[in-house]
Amino acid sequence: MPDPQISIDLARIEHNARIIVETCRQSGITPFGVTKGTCGMPQVARAMLRGGVAGIAESRFENIRRLRDAGIDCPIMLLRSPPLSRVEELVRTVDISLQSELQQMREISRVAERLGRVHDIILMVDLGDLREGIWPSDLIPTVEAVMELPGVRIAGIGTNLTCFGAIIPTKENLDQLVAHAYKVESVTGRHLDWVSGGNSSSLPLLLAGGMPAGVNNLRIGEAILQGGRDTFLEQPWAALDRDAFELSGELLEVKVKPSMPIGKSGIDAFGNVPVFIDEGDRLRGIANIGREDVIAEGLIPTRPGVRVLGASSDHLVLDLTEADPPLKVGEDVSFRLNYGALLTVMTSEYVEKVPMRDVMEQGKSRSYAIETDEVGGALLSAHNVAARIGRLGFEPAGDGASVVLSTGARRADIMRFVEAAGRRHDALGLIWIDSDATMMPGPDGESGLPENAVLRRLLARLPPHIAAENVVLLGLRDADPAEAEALKASPMRIFTMAEIDAVGLRHAMREAIAIACAGTRGFHLAYSPTATDMSDWSGGIGGITVRETHSAMEMAALSGRLRSLSVAGIGPALPPTIGAECANFILSAFGKTIL
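Residues numbered from 1 in each chain as written. Predicted model: local features only at pLDDT ≥ 70, side-chain atom pairs only at ≥ 80, totals over all residues. Heavy atoms only, no water.

Colleague: Just to check I follow, could you spell out the pairing of strand E2 (residues 30-34) for this structure?
Modeller: Within a regular beta strand, the side chains point alternately toward one face of the sheet and then the other, so they alternate between its two faces. In terms of burial, E2 is largely enclosed, as 4 of its 5 residues are buried. Taken together, the 2 bridges between E2 and strand E3 (residues 56-58) define a ladder with parallel strand orientation. Looking at the pairing, Val-34 lines up with Ala-57 of E3. Running through helix H2 (residues 42-50), the crossover from E2 to the neighbouring parallel element E3 is right-handed. (Buried < 20%, exposed > 50% of the residue type's maximum accessible area, 1.4 Å probe, protein only. Helix = DSSP H or I, 4+ residues; strand = E, 2+ residues; numbered from the N terminus. Pairing = 2+ DSSP bridges. Right-handed = clockwise from strand over helix to strand, strands pointing away.)

Colleague: I'm lost on the packing of helix H6 (residues 139-147) against helix H7 (residues 171-188) in this one. Help?
Modeller: For any two helices packed against each other, one specifies the crossing angle of their axes together with the interaxial distance. Taken N-terminus to C-terminus, the directions of H6 and H7 make an angle of 35°; their axes are 10 Å apart at the nearest point. The handedness of the crossing between H6 and H7 comes out as right-handed. Listed contacts from H7 to Leu-139, Ile-140, Val-143, Glu-144 and Met-147 of H6 are His-180, Lys-183, Val-184, Val-187 and Thr-188. Looking at the contact of H6 with H7, its residues break down into 6 nonpolar, 2 polar and 2 charged. (Axes fitted to C-alpha atoms, helices over the stretch in contact; angles between N-to-C directions. Left-handed = near helix turned anticlockwise from the far one by under 90°. Contact = heavy atoms within 4.5 Å. Nonpolar A, V, L, I, M, F, W, Y, C, P; charged D, E, K, R; others polar.)

Colleague: For this particular structure, what's the right way to read the packing of aromatic side chains?
Modeller: Taken as a whole and judged by the stated rule, the model has 5 aromatic pairs. With a centroid separation of 5.1 Å and 85° between ring planes, the pair formed by Phe-394 and Phe-590 is classed as edge-to-face. One end of the pair, Phe-394, is in the loop between helix H12 (385-391) and strand E18 (395-396); the other, Phe-590, is in the segment after helix H19 (576-589), and 196 residues separate them in sequence. Judged on exposure class, the residue Phe-394 and its partner Phe-590 are both buried. Among the aromatic residues, those joined into a ring-pair cluster are Tyr-368, Phe-394 and Phe-590. The lysine or arginine in question, Arg-493, covers the ring of Phe-495, its NZ or CZ lying 3.9 Å from the ring centre. (Phe/Tyr/Trp six-rings, centres within 6.5 Å; stacked < 30°, edge-to-face > 60°. Lys NZ or Arg CZ within 6 Å of the ring centre and 35° of its normal.)

Colleague: How do you make sense of a nonpolar patch on the surface when you look at a structure like this?
Modeller: Judged by side-chain polarity, Leu-130, Trp-135 and Phe-164 come together as a nonpolar surface patch covering roughly 380 Å² of accessible area. Checked against the element boundaries, Leu-130 lands in the loop between strand E6 (119-124) and H6. (Patch = residues over 30% accessible without salt bridge, like charges linked within 9 Å, V, L, I, M, F, W, Y side chains within 5 Å. Areas by Shrake-Rupley, 256 points an atom, 1.4 Å probe, with all protein chains shown as cover. Salt bridge = Lys/Arg side-chain N within 4 Å of Asp/Glu carboxyl O.)

None of this, on its own, says anything about what the molecule does.
Written out as structure tokens, the structure reads:
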């Protein structure tokens with residue numbers, strides 16, 4: 001493991017969301033899932049939505065853009081007031097926001113009216129936690145002022161507790177919230193959509209039966225992400241799973257050393273005076289995780305006997321004396337995290353994020369289906385591809401086939417096959433092996449795109465089933481300057497031929513599969529023959545070799561995550577020898593090997 005990484009079990013997150021949604025439903029409460037703890041990771045948002053949350057709540061526009069770009073079109077709530085300079089972005093991208101400052105709401109009104117929109121707000125009331133919120137005595141005057149503002153609708157009221165003043169939600173303070181809601185309804189003359197009674201810290205009150213009947217919304221993040229590790233401190237909620245996140249690092253040093261530092265003591269690099277206990281000589285380890293990555297005090301070792309002693313900016317110091325089983329240099333050491341540690345890990349660019357999803361294959365079958373046009377069908381027939389796939393142990397099938405093969409004469413022909421693959425799976429990755437960017441913009445922006453701008457069209461049409469974060473373009477060697485700019489602005493991972501030459505095809509393909517599979521059901525592989533340098537053919541000059549192409553296809557097969565395969569650009573003008581080689585590439589993707 002070259003760098004620390006945090007694994008994210010999406011199945012556990014979905015499970016927690018489902019448990020919480022059902023529990024809330026029984027009390028007439030509709031929760032939103034809060035994704036800010038994972039920087040708006042789309043895979044996490046999808047897991048929450050599969051679990052039944054009504055929408056996603058976020059605190060940062062960067063995360064909201066990430067969610068929208070991934071095709072997540074559910075209601076999104078902004079958890080904090082935006083800077084005045086970003087109010088237009090608020091009105092354009094957010095469905096509902098929490099507000100407490102009248103000047104902000106006046107600016108929202110001005111922008112919303114200019115854009116011809118109405119923006120929903122939840123007025124936040126401060127019930128004693130002393131973070132954001134209108135002071136109760138100012139609530140009605142504020143409501144009366146907001147009622148005069150065009151383009152703004154009071155959709156509800158809410159409160160925030162525990163985040164700053166650590167004030168615990170109780171029946172008494174949330175009864176106050178409900179009473180304030182009745183007053184607002186009396187003044188406005190209409191029913192409020194939302195009475196938002198706080199965050200995960202309100203769940204113990206709900207389970208204890210103390211939640212006032214008027215509360216109908218909660219904003220839940222920590223309990224979904226971490227199973228209430230920081231919420232249910234005294235008595236865990238047994239139905240929730242606390243192990244959705246695991247941080248791992250590598251041991252760089254393991255040595256026996258004294259437990260007390262030697263020499264004159266001062267302050268550490270962070271302005272603290274550390275305190276040590278003399279335990280004699282101990283086996284100590286250093287892992288490649290530091291305070292630049294995580295709040296070390298929030299780490300909980302998963303291996304029995306391991307203790308966290310402290311951290312500097314780049315090193316985590318551990319006591320390994322009682323580790324069971326023992327640890328040595330080069331081995332990984334892993335940790336669970338509290339919410340503060342999770343926040344810092346997810347914002348650290350030095351920690352690799354690895355969303356994972358448990359995939360249950362239908363009967364573990366090896367089956368295939370073929371979708372093709374007339375030209376592609378002729379190539380498959382000429383080379384007896386279907387029968388040869390059958391000899392590899394695959395049975396022909398229709399719906400539910402484990403791998404779907406499609407072929408087309410032009411790149412544009414495979415768009416419908418890729419879209420169909422996305423619809424078959426609620427989350428899919430895409431590996432596009434091609435020499436050309438196919439990202440050419442149109443003369444009027446996104447309208448009037450040229451015919452060969454296939455990938456650009458796909459990126460616009462694939463969400464929510466395929467997100468750009470799960471797309472890899474591999475083998476690129478030709479890009480127009482306008483295409484290069486579009487590629488740089490895209491969240492796709494691009495492997496040019498220069499990078500493949502530097503790192504090797506197997507390394508690039510290994511990374512491509514990891515990206516395409518991150519939090520998805522698997523991946524679709526799209527291949528164009530121009531990506532490969534083949535004998536007596538000018539179309540692929542300078543591309544990956546024939547052997548490298550077979551290797552890429554074999555790796556796709558061995559991954560067990562290939563869900564569909566498209567081969568495009570096999571029109572009538574394709575030389576027969578190149579068509580035969582393409583047929584062989586297809587067989588490699590279905591698992592054919594030399595031995």
